[in-house]
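Remarks on the overall topology
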Amino acid sequence: MKPSAAITPRPLTAPHRRSLQMGLLQWFAEFQRPLPWRQTTDPYAIWLSEVMLQQTQVATVIPYYRRFLAALPDIPTLAQADIQTVLALWAGLGYYRRAHQLHAAAKQIVAHHGGKLPADFLQLLKLPGFGPYTAGAVASIAFHQCVPAVDGNVLRVASRILADDRDIRAASVHKSLRTAVGGWVVKENAGQFNQALMELGATVCSVTSPRCDMCPVRPVCRARAAGRQMDFPVRRRPKAKRTVHLAALHIRDAQGKYLLAQRQNGALWAGLWELPAVPIAVPPHTLRPIIRLARRTLGLEISSARSAARVAAVIEHVLTHMHVYVYIFNCSLRTAQTSPHAARSPAVRPHAARLPAAHPLPPDSPYQALAWLADPARVPLSTLARKQFAAVSAASSD
DNA sequence: GACACGTGGCT
DNA sequence: TAGCCAAGTGT
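Residues numbered from 1 in each chain as written. Chains lettered and ligands numbered in written order. Predicted model: local features only at pLDDT ≥ 70, side-chain atom pairs only at ≥ 80, totals over all residues. Heavy atoms only, no water.

**As for the protein's contact with DNA strand C**
Condition: Put simply, a residue is near a molecule or strand once any heavy atom of it comes within 4 Å of that molecule or strand. N or O atoms within 3.5 Å of each other form a polar contact, as long as, within protein, one can give a hydrogen and the other can take it, and as long as residues adjacent in sequence are counted only when both atoms are side-chain atoms. Starting at the N terminus, helices and strands are each numbered in turn, a helix being any DSSP run of H or I of at least four residues and a strand any DSSP run of E of at least two.
DNA strand C sits among 27 residues. The nearest are Gln55, Arg97, Gly129, Asp151 and Asn153. What you see for DNA strand C is that sugar and phosphate hold 62% of its atoms within 4 Å of the protein. Within the backbone of Gly129, an N or O atom sits 2.6 Å from a phosphate oxygen of DNA strand C. Mapped by element, the contributors of at least two residues to the surface near DNA strand C are α6 (97-112), α8 (132-141), α9 (152-161) and α11 (190-203).

**Considering the side chain of Asp164**
The cut-off we apply is this: Whether two residues are in contact is decided by their heavy atoms, any of which lying within 4.5 Å being enough.
Looking at the element boundaries, Asp164 is found in the loop between α9 and α10 (171-182). Within the structure, the side chain of Asp164 is placed 2.6 Å from the side chain of Arg166, a separation counted as a polar contact. Residues contacting Asp164, with those up to four places away along its chain left out, are Ile7, Pro9, Ser159, Val173, Leu177, Phe232 and Val234.

**Here's the deal with the sheet that holds strand β2 (residues 258-263)**
Condition: For two strands to be treated as a pair, DSSP must find no fewer than two bridges joining them.
On the basis of which strands lie adjacent, the open sheet formed by three strands has the order β3-β2-β7 and antiparallel pairing. Looking at the sheet topology across the chains shown, the edges are occupied by β3 (273-274) and β7 (367-373). Sheet analysis places β2 next to β3, joined by two bridges and oriented antiparallel. Within β3, the position partnered with Gln262 by the bridge is Trp273.

**Regarding unusual backbone geometry**
Following Phe232, the chain continues to Pro233 via a peptide bond in cis, the omega torsion being -5°. Within the secondary structure, Pro233 is located in the loop between α12 (222-225) and β1 (242-250). The phi dihedral of Gln55 falls on the positive side, at around 55°, and the residue is not glycine. By the element assignment, Gln55 lies in the loop between α2 (43-52) and α3 (58-71). Phi at Ala163 takes a positive value of approximately 50°, unusual for a residue other than glycine. Take Ala163: it is sitting in the loop between α9 and α10.

Read these as layout, nothing more, since geometry by itself doesn't imply function.
As structure tokens, this is what we get:
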């Protein structure tokens, strides 16, 4: 059977929902791991554990959690502590923004909430470092609010229970699953229920080898019923990187200055400088076909005297979403354009215009400015641009 | 929606 | 081994 199109899975039936709730709570009561933050009802301690556990494994967190709580046992103490002290306690855990935000939130709590965590999901969400997960976890575990706490484990568990064939990586699917799980939460026992779901994901419903034989939720799991527990969650195959070819122009004036181009704001590499380049469909052999493109998209009149010039260097650069090949040509401008002249295009920014001899650009150019620069290192360069200059200087020293 | 952010563990 | 992933958030 062809996999169905990605649609919102139908909700659990009421009997299945009740079976899930009871099975999970009983299982959790019996089999939960005795973790330090499960021995407390202090909202601050619970908050601290939730922040430390973000993208960080339980075993790593435990010693940091103990040490931090011993040194800074409550919110006022944390709020008064020097940030250096906080960071020293966090050192080695990673994601240091969490420590800054924890500290900032403590200060806000002292200033605006009398030193106590607000006992409400939406209030918590306003504090630094509280996203939907942490606000849900603290609201339900510390304050018994009936809200879901959906982390990576819960996403996986819910995806399997519902046999959800949508891409688990999409934020829209996270949101949809948060809503679904919100309908499962046991009102009187929200904190226990949420922790049970996470614990199930961490210890039974694992990524690579779900142990369905010991799963309390097996009777309601649609993936298991179909014998397809390994088919969920569905992860979109990372899109194949598209390949982009660029012809870049290595142009120097009589003083040896480089002609550089500054990327448009909002574009890839926004505001950074590089050799002026034009996109081309296929790897080029000679400069000839580039000349017309340069005139149209860069406003540059390339001399046709060297139109048979070959590629001087090839750069390869890989980004998250594309594979870039840059073919560098050594070329020169027609004489009229090599002489300095003032910027007159509105596309040229004032500071660029102060640079010696900026060039005007067509309105739809991928660049916001062109300028002659003696030393490219003095302007911000993308990694790709650094490769360009490395290649150019290597080629010219041959 | 795509990325950056840190570190450790696993296949 | 080169990714992938772990109790995510902010931009």
